[in-house]
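As a plain string of letters, each chain reads:
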Amino acid sequence: MPVQKVNDSSDLDAKVPSHLQRTSITSLTMTSEPSHRCVKATVVHKGPVISCAQKDGIEMLRAEIKEEDPLQRTAEHTSINVIFFGTLAKDFSQSARQGDVVLLADFTIKKSPSFLRDKLHPCQLEMDGKDDFVYVCPSAGPSHGPSSSEAKYTYVPLNDLKPRTVVNVYGVVTFFKQPFPSKGSDYCSTLKITDQSDVKVGCNIFSKKLEDHPILFRVGDIIRLHRFKTDVFRDSMSLLNTFGWSTVTFDGTTDSPVVPRTSSKSFHFGESDIRTVQELRQWAANQSWISNDLKVSLSMVKPGMYFDLTCQLLAKAVMDSRCILLKVWDGTKCQHPLLNVAVASDALEGESTVVKDRMNLTANVLVYDNHLEVARELKPGTFLQFYNLHALLQRAPDQQPDQSEHLSFHLHGGTSYGRGLRSLPAESPALQSLKSVLEKHVDLVEYDEVNDGTLLEIWYTPPEAVDAEADTGPSYTVRTCEHNTRRLTLARVKRSTPPLSCHVRARVKKYKPQQLYQCLKLFCSNCKTMEDVPDDSAVAKVFRESAKDSQPCDEQWAATSSASSREPGRTISMHISRDMVGESTHMQLIFIEGTTLDEICVLSRDYKNLVPVRSVNSRMTLMDLTAPFLFSGDKRYYGCKKCSLNTFQNPVFTGVETWDEQAVAKALGVQLMQYRLLIQFELEDQTDTLEALLWENTERFFHVSAVDASGSQDLQDKIQTIMDTIQPPDSSLEERPWLDLCLSVYSVKDDDRNKVCYQITNTEIKEE
């Protein structure tokens, strides 16, 4: 039956059917007979209506009710969880609220799965609405929603927190990280808070929705936490969000309005909250850790500093898949020359910054890794807050050793020390001083506007004279990138500052390896090891040594058949899982022992998946991983010696629909190595030469799969034909075709020095 309302608490008793007996919550047990019992209690918490995956998506709501009987004040377990299902969950959500008195009957008693966590009653009540009775008596006044009425929330000082309790607290933020992806499906926020007790408490918040996380801008902000569980971690008290949790934050500036920041549409906020926030502001204003805030202006930045920066975004550009450039300013002039990252004008989103660049007002911030998601959503004109930004002295690639280095800014990957960035609302009190400074430079918007285009042309035009007709011939390649950057000469590319994505037109002066079979490599995606494919002589030696004195394996899970080889004393054994007996040979995974390399190559023509093994103390184990761990038709697959477990004591071969190289590697504990094609080109145009790798883009470039090429002479001949077209034998440079290429410019560490590298990306050979 639906939830019914009564006007007075005394009316609830009159609603109790004669066959029901009222019972106390403390007396409920798993053995209690609930069909003739009812309970009367006050709602102390009501959660939202959610979908229950364990019950095929049926809607549910959890509430906590508590008995208010004066005789029960010292008793344990006077509060209990109640779970409402289906339409009853919706009805209860709309009809009841915190502080209401409820009468529940015909419920089911179940064991509470959250007892050890919330320390409420060891049982919980469940109601599905079929024959249940739910009566609600509203409390005298509202208890939630934006209102000036006072709700009955109790806030615990941080020095009074006890382990394993659910509490409400206020605090001043002393440290925080912007939400970041956890190892699960949630985002995680990490912060530390303190109050007048000077006790510091850590707090972790997990939620799938970013908008549910606290809105924090800087150290000193005030935060209110509702329904957080306390615990001890590393000898210190910590807080973790629990069911029904909520947060509200406030600006920590002493004289700013007390305006709550939250994504919730319904929250309590009264006069007592205003008083609490103002008291915490006054106290925090006199603390040393507030005055030592890391936030500085560009005029105060020194090389090597990590600092927080409040600024405005002028323009942005995607450098490559791992880096985004943000051009920002705060109206102050840095004392050190700032590094100007070269980006073509048509690649920039936002206003021209040439004038501000010349006046040393523009900071070029390179954003990496996990911060790219936020950076992609930013729009020019947005106000930003950087956390843990790093200032580094950096020399452009074309600078001489005796020239002074320029200051660059990097937002490195990770979240250490609160590293991150976020946009600030234009009305934020933290922006008042920034806006005042920027207004002093308002004339810069119009200043020298006529010459901006000319300046850009000068900046992006190389000093070398390029013959306009020299590189107008047809190109043997086509670019597939989406960005529309201007074409640069190789000389200009070599003078640019990484990271950079650019377009070039050049010819191949030479390439290596000249023996193209050597360009086929094995690459481990786990440890990043790259090695040559072993030649047949080395592999054959591993097979010969494994076949010496080989005795057939004796595995209970395997069915074995043996045959004598042509060599006296050598036996060839084939093992398959008993679960696979009777299946097609293309579905079987066959373990073969005692063969030579030539023999297993012949067998692999008829059997799809052959795993060479050897016997050690009558137990089966893989051969040395110099040899392939799997032969599949004309393909061979290798495992990484560093990362493979190389053991399968209790293999499981059921539940696999198709045995491919991935499934076999997983079953055997082998880290599969990937085939890659690696070629180094020396490119040349009218201005300079440049060495560039063809690596990540090789398969798209040749329209050939590396693993297919490893077992196909026809595909290897196709690659050779393409290379002979790019660099015909005995040809001069002028006779070779032009290549339109997309280049990625990046830096790597080499013996503690930065080395600039170039890689061909997003480019393909034109197919006839």
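Residues numbered from 1 in each chain as written. Predicted model: local features only at pLDDT ≥ 70, side-chain atom pairs only at ≥ 80, totals over all residues. Heavy atoms only, no water.

Colleague: Looking at this model, I keep getting lost on the pairing of strand S6 (residues 79-85). Mind explaining?
Modeller: Consecutive side chains along a regular strand alternate between the two faces of the sheet. Of all seven residues in S6, seven are buried, a share of seventy percent or more. On S6, burial covers both faces: Ser79, Asn81, Ile83 and Phe85 on one face and Ile80, Val82 and Phe84 on the other are all buried. Alignment of S6 against strand S9 (residues 123-127), held across four bridges, turns out to be parallel. Looking across to S9, one finds that Ile83 is bridged to Glu126. (Buried < 20%, exposed > 50% of the residue type's maximum accessible area, 1.4 Å probe, protein only. Helix = DSSP H or I, 4+ residues; strand = E, 2+ residues; numbered from the N terminus. Pairing = 2+ DSSP bridges.)

Colleague: Quick question: what am I supposed to make of the confidence of the model for the protein chain here?
Modeller: It should be kept in mind that the predicted coordinates are not to be read in detail where pLDDT is low. The predicted model of the protein chain averages 82 in pLDDT, with 86% of residues at 70 or higher. Confidence scores differ between elements of the protein chain, with helix H9 (residues 452-460) showing the lowest mean pLDDT of 34 and strand S13 (residues 200-207) the highest of 94. Throughout residues 141-151 the model reports pLDDT below 50, and contacts reaching past four residues in sequence, or to other chains, amount to 25 contacts. Predicted confidence is poor over residues 445-470, with pLDDT under 50, and the contacts of this stretch with residues over four places away or in other chains come to 32 contacts. (pLDDT = per-residue confidence, 0-100. Contact = heavy atoms within 4.5 Å.)

Colleague: Can you walk me through the layout of surface pockets in this structure?
Modeller: With a probe scaled to a water molecule rolled over the atoms, the places where space remains empty come into view. If you add up the space inside the second largest pocket, you get close to 1300 Å³. Lining the second largest pocket are 40 residues, with Gly47, Pro48, Gly244, Trp245 and Ser246 positioned closest to its centre. Contributing elements (two or more residues each) for the lining of the second largest pocket: strand S3 (37-46), helix H2 (87-95), S13, strand S14 (222-233) and strand S15 (236-250). The dominant element in the lining of the second largest pocket, judged by the number of residues it contributes, is S15, at eight residues. Here the lining of the second largest pocket is composed, by residue class, of eleven nonpolar, 20 polar and nine charged. (1 Å grid on protein atoms, 1.4 Å probe; cavity = no way out; pocket = protein on both sides within 12 Å on 5 of 7 lines; lining within 4 Å. Points joined across faces, edges and corners; volume = space filled by probe spheres on them. Nonpolar A, V, L, I, M, F, W, Y, C, P; charged D, E, K, R; others polar.)

Colleague: Whenever I open this one, the nonpolar core confuses me. Can you help?
Modeller: Nonpolar side chains in soluble globular proteins tend to be buried together. Among the nonpolar cores identified, the biggest contains 63 residues, and Val493, Ile679, Phe681, Phe702, Met723 and Ile726 are the most heavily contacted of them. For this core, the element with the highest residue contribution is strand S24 (residues 500-512), accounting for six residues. Ile193, Phe217, Trp329 and Leu361 belong to the second-largest nonpolar core, a separate cluster that totals 28 residues. (Core = buried A, V, L, I, M, F, W, Y, C linked by side-chain atoms within 4.5 Å.)

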